[in-house]
Amino acid sequence: MKKAFTHATLLIAALALPVLATAQNNSQKSTAKEPSSTAASWPTRPVRLLVGFPGGSTPDMAARTLAEPLSRVLGQPVIVENRPGASGNIAADLVAKATDDHTLGVVINGNLTSAKMLYSKLPYDPAKDFTPISLLATAPLVLVAPVNLPSGSDFFLAARNGGDKWNYGSVGNGSVGHLGMELLKTKAGNLAAVHVPYQGNPQVITALLGGQIQMALVPPGIALPQIRAGKLKAIGLTSGRSALATDIPPLAEAEVRNFNLEVWTALIGPAKLSKAAQTRLAQEVPKIIRDNDTRQKLFNQGWQAVGTSPEGLTSRLRSETAIMGGIIAMRGIKVE
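None of these values were measured; they are calculated from a predicted model.

Caption draft 1: Representation of the overall build of the chain within the structure. Summing up its helical and strand segments, the chain has 14 helices and 11 strands in all. Each of the 336 residues in the chain was classed as buried or not, and the buried ones make up 54%. Summing over all exposed atoms, the chain offers an accessible surface of approximately 14500 Å²; the carbon and sulfur share of this is 54%.

Rendered as structure tokens:
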């Protein structure tokens, strides 16, 4: 047991090296090679983009933003299909098992990093059953609190003093908000706040406003209206300074060191996706995502456009799987 705990602690320590660095460096590698005759032969029919969340969700909006320009470039319809359920794992499993060479998926962090460790009966293997194509977009989270609590480093002093009398909320066990808060607790002086899961972010916000919980990590698009209305307080961002929330400082300014966490969405295919499809998508998708029009649309949805190579996405997956695996092992978190 002691050996497992030490191993988990070492994995969490890996966060001292910023998670974004390798992926963003790889994203700068050129993917704009001249199309080969093999790549140009794909696709031969409409392409499906499976999304594991309802229409209007942020992953869905990112998928639809990609679909229109991708359809123009490929010369075939790109159809977004919503298959919500199990935190996106239902859609991810359909992508993993697809054999038609024209089914892709737009997924979030957990489907590719923490799901295997959280679910004992996950029907797919994130490390073996997918072809990484591109990290599409990222966003930091905002640590928010009721307005009557202190700011900056004084907030974390109050949280340490509050012990297990303090609560924090998330959208469910194993969510990025849950795992991120457990990681933050280790980085901010071993906080003892207790996790309270809710059905969604609206319920988390309601609990914050009512004082049932003292903090939560939520997306900027959800936090900012409450913060600007003076109903909630921003403690800090889980990344560096962000154009998505220019008036909110990073948590590092509240003396939380070596903590960097983002939500993100990525494009993947099944492991058996043809080389022609892989080559064509690796050429076209990063260019589409980096296009100014696409960047602005994603920004308006609360995303920062990235558009990496397949290698850039693979690097990101390895880094975050190690980090999340460490916190899951340390806290013994499971979702059944």
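Having put the structure on the table, let's press on.
Caption draft 2: Spatial organisation of unusual backbone geometry. Following W42, the chain continues to P43 via a peptide bond in cis, the omega torsion being 5°. Along the chain, the position of P43 falls in the loop between α3 (37–40) and β1 (47–51). Look at D101: it is not a glycine, yet its phi comes out positive at around 65°. Within the secondary structure, D101 sits in the loop between α5 (89–96) and β3 (103–108). Residue N190 is not a glycine yet carries a positive backbone phi of 55°. Summarising the element assignment, N190 is placed in the loop between α9 (176–187) and β7 (194–197).

Caption draft 3: View of the pattern of salt bridges. Scanning all chains against the criterion turns up 15 salt bridges. One salt bridge in this structure joins R83 and E81, with 3.4 Å as the shortest N-O distance. Judged by its relative accessible area of 33%, R83 falls in the partly exposed class. For R228, the salt bridge is made with D247, and the minimal N-O distance between the two is 3.9 Å. With R228 in helix α11 (residues 220–228) and D247 in the loop between β9 (232–237) and β10 (262–270), the pair connects residues that are 19 residues apart, well separated along the chain. Each of R48, E81 and R83 takes part in one network of salt bridges that share partners.

Caption draft 4: Representation of the pairing of strand β4 (residues 130–140) in the model. Of all 11 residues in β4, 10 are buried, a share of seventy percent or more. As judged from the 9 bridges shared by β4 and β10, these two strands associate in the antiparallel manner. In the strand pairing of β10, P140 is matched with E262. When β4 meets strand β11 (residues 304–305), the two strands line up antiparallel, connected through 2 bridges. Bridge pairing in β11 links A137 to A305.

Conventions and cut-offs
Residues numbered from 1 in each chain as written. Predicted model: local features only at pLDDT ≥ 70, side-chain atom pairs only at ≥ 80, totals over all residues. Heavy atoms only, no water. Helix = DSSP H or I, 4+ residues; strand = E, 2+ residues; numbered from the N terminus. Buried < 20%, exposed > 50% of the residue type's maximum accessible area, 1.4 Å probe, protein only. Areas by Shrake-Rupley, 256 points an atom, 1.4 Å probe, with all protein chains shown as cover. Salt bridge = Lys/Arg side-chain N within 4 Å of Asp/Glu carboxyl O. Pairing = 2+ DSSP bridges.

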